[in-house]
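Commentary on secondary and tertiary structure
Next come the chains, spelled out residue by residue.
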Amino acid sequence: LEWAVNGLECAERFAASPSGFYDAVLMDVQMPIMDGYEATRSIRAAEHPDARSVPIVAMTANVFAQDVEDALSCGMNAHTSKPIDAREVARILARLLDGKAARNSR
C-alpha cells in the first residue's frame with residue numbers, strides 16, 4: 001500500500017513502477033496539483049505495460065450519475081462514494097481483480 005499526496009505524484013509513481021507492481025489504484029477524485037480524473041488519464045496514456053489494465057477505482061463524495069459517468073469516461077473501472085465503506089471497496093476490488101486474473105490466465 002502506498003499513498004500519494006496528489007494526482008501528479010500518483011501518476012508519476014505508477015509510470016516509474018515495474019510491471020505488476022500495483023494491483024489496483026484507489027483514486028481520490030479531488031486532489032491538489034492534478035485531480036483524479038487527470039491522473040487517471042495520465043496513467044492510461046502512459047507507456048507502461050499495465051497502463052490500460054490496472055484497475056482504477058474512483059473514491060469521491062460526488063455521487064450523482066454524471067459523477068459516475070465522468071469517472072468511467074476518463075478510464076476508471078469503478079466508482080465508490082465517501083464516506084468509504086470498506087466492505088464495498090473489498091467487493092469492488094474482488095470483482096475487478098478476479099476479472100484481471102481471468103484475463104491474464106488466457
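Description of the structure in this document. (Residues numbered from 1 in each chain as written. Predicted model: local features only at pLDDT ≥ 70, side-chain atom pairs only at ≥ 80, totals over all residues. Heavy atoms only, no water.)

Examining the environment of I84
Along the polypeptide, I84 turns up in the loop between β3 (78-81) and α4 (86-104). According to the relative accessible area criterion, I84 is partly exposed, its value standing at 38%. Not counting the four nearest positions on each side in its chain, I84 is found in contact with M59 and V89. (Helix = DSSP H or I, 4+ residues; strand = E, 2+ residues; numbered from the N terminus. Buried < 20%, exposed > 50% of the residue type's maximum accessible area, 1.4 Å probe, protein only. Contact = heavy atoms within 4.5 Å.)

Examining the sheet that holds strand β1 (residues 25-28)
Read across the open sheet, the three strands follow the order β1-β2-β3; overall the sheet is parallel. Looking at which strands have only one partner, the edges of the open sheet turn out to be β1 and β3. When the angles between neighbouring strand axes are averaged without regard to direction, this sheet yields 30°. Both β1 and strand β2 (residues 56-60) contribute to a ladder of four bridges, which runs parallel. Bridged to D28 within β2 is M59. Most of the contacts of helix α2 (residues 36-45) go to β1, to which it runs at about 145°, and overall it touches β1 and β2. (Pairing = 2+ DSSP bridges. Axes fitted to C-alpha atoms, helices over the stretch in contact; angles between N-to-C directions.)

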